[in-house]
Amino acid sequence: MSNNNRHSDYTHPVVLAENLRKDLQMGQVTVHALRDATLTIQAGELVSIIGPSGSGKSTLLGLLGGLDTPTGGRVVIDDMDITQLSERALTRVRNEKIGFVFQFFNLVPTLTALENVALPIQFARQRQFNPTKRARELLAMLELEERLNHRPNQLSGGEQQRVAIARALANNPPLLLCDEPTGNLDSVSGGLVMHALREVQRSMRTTIIIVTHDMSIAAQTERVISLVDGCIQGDMDPRALDVVTGTLPTAIDALAEVRA
Ligand SMILES: Nc1ncnc2c1ncn2[C@@H]1O[C@H](COP(=O)(O)OP(=O)(O)OP(=O)(O)O)[C@@H](O)[C@H]1O
Ligand SMILES: [Mg+2]
């Protein structure tokens, strides 16, 4: 990868969330999916968001990525307040600044790996790359150079997810948001996907946020943000936690108990 492909270092906030809140109305009941979340993520960080089912992880990620609008608070992506934008301007920020990876890979079934990755480059408003050349480079970085002409049903789950990561990176966004990227994979394939994400962070300096409920995935990131009941409970270095408490889950449980 060439140098102009790299994003900046740890001294520039790529994501800033202030008092972010999401209330959802279910008949008479208001669900507080996210309560006053404030956080800053610097360029180049590899962060995980963990927490029990229903704790607000996907809600938070969706708000950070402009897929959803908050009830209160604001989100700033790469110096731009996205909570103030029109739907059209927001779509543009999403396309140019953010790559998304989900649990189910959502590749186009009739296209090859190469074509799936080239597609967003062909559709970019301002084309930065030669679509085929760029798609080849990304797939090679993700160790899929032998799979360029395979269609999704000719690839393993882990391979499909790596194609989805390459596609999300096609237009070189500074930020990659992943919701349970290993959730549908066995531990070996999940390990390869994590290896791929760490390689992306290292070589492209892409800021990566991974939502997971798998502690072994969180332990491979540099910073672990934990959510409980819609609130940010902890913001930790996984190594420090290992030393203090032995295991990450124990620490999270302890934090939850303190709060209760
Ligand atoms: N469209 C919706 N309408 C009403 N409530 C919702 C809606 N979407 C999410 N919620 C509620 O908001 C809370 C947070 O949901 P969210 O999907 O963010 O959790 P999560 O941490 O991602 O869980 P999981 O690990 O199961 O994916 C949950 O209590 C959920 O039931
Ligand atoms: Mg979720």
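Because the structure is a prediction, the values reported are computed rather than measured.

**With respect to the overall build of the protein**
Stage number 1. When its secondary structure is counted, the protein shows nine helices and 10 strands.
Stage number 2. Among the 260 residues that make up the protein, the fraction classed as buried is 42%.
Stage number 3. For the protein, long-range pairs separated by at least 24 residues make up 70% of all intrachain contacts whose partners lie at least 6 apart in sequence.

**Some words on the site of ligand 1**
Stage number 1. The local shell around ligand 1 holds 13 residues, among which Ala-33, Ser-53, Lys-57, Ser-58 and Thr-59 are the closest.
Stage number 2. Those elements that provide at least two residues to the shell around ligand 1 are β1 (13-26), β2 (29-42) and α1 (57-64).
Stage number 3. Of the residues forming the shell around ligand 1, the biggest block, three residues, is contributed by α1.
Stage number 4. A class-by-class count of the residues in the shell around ligand 1 yields four nonpolar, eight polar and one charged.

**Looking at the environment of Gly-190**
Stage number 1. Mapped onto the elements, Gly-190 comes out in helix α6 (residues 187-204).
Stage number 2. Taking the C-alpha atoms as reference points, Gly-190 and Gly-158, 32 residues apart in sequence, are found 6.7 Å from one another.
Stage number 3. The residues contacting Gly-190, other than those within four sequence positions of it, are Thr-182, Leu-185 and Ile-217.

**Considering the nonpolar core**
Stage number 1. In this structure, Ile-49, Leu-64, Val-117, Leu-139, Ile-165, Ala-166 and Ile-209 are the most contacted members of the largest nonpolar core, which totals 63 residues.
Stage number 2. Take this core: its biggest share by element is six residues, from α6.
Stage number 3. Other than its neighbours up to four places away in sequence, Val-117 contacts Ala-135, Leu-138, Leu-139, Val-163, Ala-166, Arg-167 and Ala-170.

**A short note on the pairing of strand β3 (residues 46-50)**
For a regular strand, the rule is simple: side chains alternate between the two faces of the sheet.
Stage number 1. Most of β3 is tucked away, with five of its five residues classed as buried.
Stage number 2. Side chains Leu-46, Ser-48 and Ile-50 of β3 all project onto a buried face; the interleaved residues Val-47 and Ile-49 project onto the opposite face, where all are buried too.
Stage number 3. Summarising the sheet, β3 and strand β8 (residues 207-211) pair through four bridges and their orientation is parallel. By the bridge assignment for β8, Ile-49 is matched with Val-211.
Stage number 4. Relative to strand β9 (residues 223-228), β3 runs parallel, the two being bridged by four bridges. Opposite Ile-49, over in β9, you have Ile-225 as the bridge partner.

**Structural notes on the packing of helix α3 (residues 113-122) against helix α4 (residues 131-141)**
Stage number 1. Running from N to C, α3 and α4 point in directions that differ by 125°, and their axes come no closer than 8 Å. Taken together, the axes of α3 and α4 are oblique relative to one another. Viewed along their axes, α3 and α4 form a crossing whose handedness is right-handed. Two secondary-structure elements touch here, α3 through Ala-113, Leu-114, Val-117, Ala-118, Ile-121 and Gln-122 and α4 through Pro-131, Thr-132, Arg-134, Ala-135, Arg-136, Leu-138 and Leu-139.
Stage number 2. Split into classes, the residues belonging to the contact of α3 with α4 amount to nine nonpolar, two polar and two charged.

**Regarding the environment of Ile-41**
Stage number 1. Within the secondary structure layout, Ile-41 lies in strand β2.
Stage number 2. Residue Ile-41 is classed as buried on the basis of its 21 C-beta neighbours within 10 Å.
Stage number 3. For the pair Ile-41 and Thr-11, spaced 30 residues apart in sequence, the C-alpha to C-alpha distance is 9.6 Å.
Stage number 4. When residues no more than four places from it in sequence are discounted, the contact partners of Ile-41 are Pro-13, Val-14, Val-15, Val-47, Thr-207 and Ile-209.

Cut-offs applied
Residues numbered from 1 in each chain as written. Chains lettered and ligands numbered in written order. Predicted model: local features only at pLDDT ≥ 70, side-chain atom pairs only at ≥ 80, totals over all residues. Helix = DSSP H or I, 4+ residues; strand = E, 2+ residues; numbered from the N terminus. Buried ≥ 20, exposed ≤ 12 C-beta atoms within 10 Å, placed from the backbone. Contact = placed C-beta atoms within 7 Å. Near = placed C-beta within 6 Å. Nonpolar A, V, L, I, M, F, W, Y, C, P; charged D, E, K, R; others polar. Core = buried A, V, L, I, M, F, W, Y, C linked by C-beta atoms within 7 Å. Pairing = 2+ DSSP bridges. Axes fitted to C-alpha atoms, helices over the stretch in contact; angles between N-to-C directions. Parallel < 35°, antiparallel > 145°, perpendicular 65-115°, else oblique. Left-handed = near helix turned anticlockwise from the far one by under 90°.

Such coordinate-based values are descriptive only and should not be taken to indicate function.
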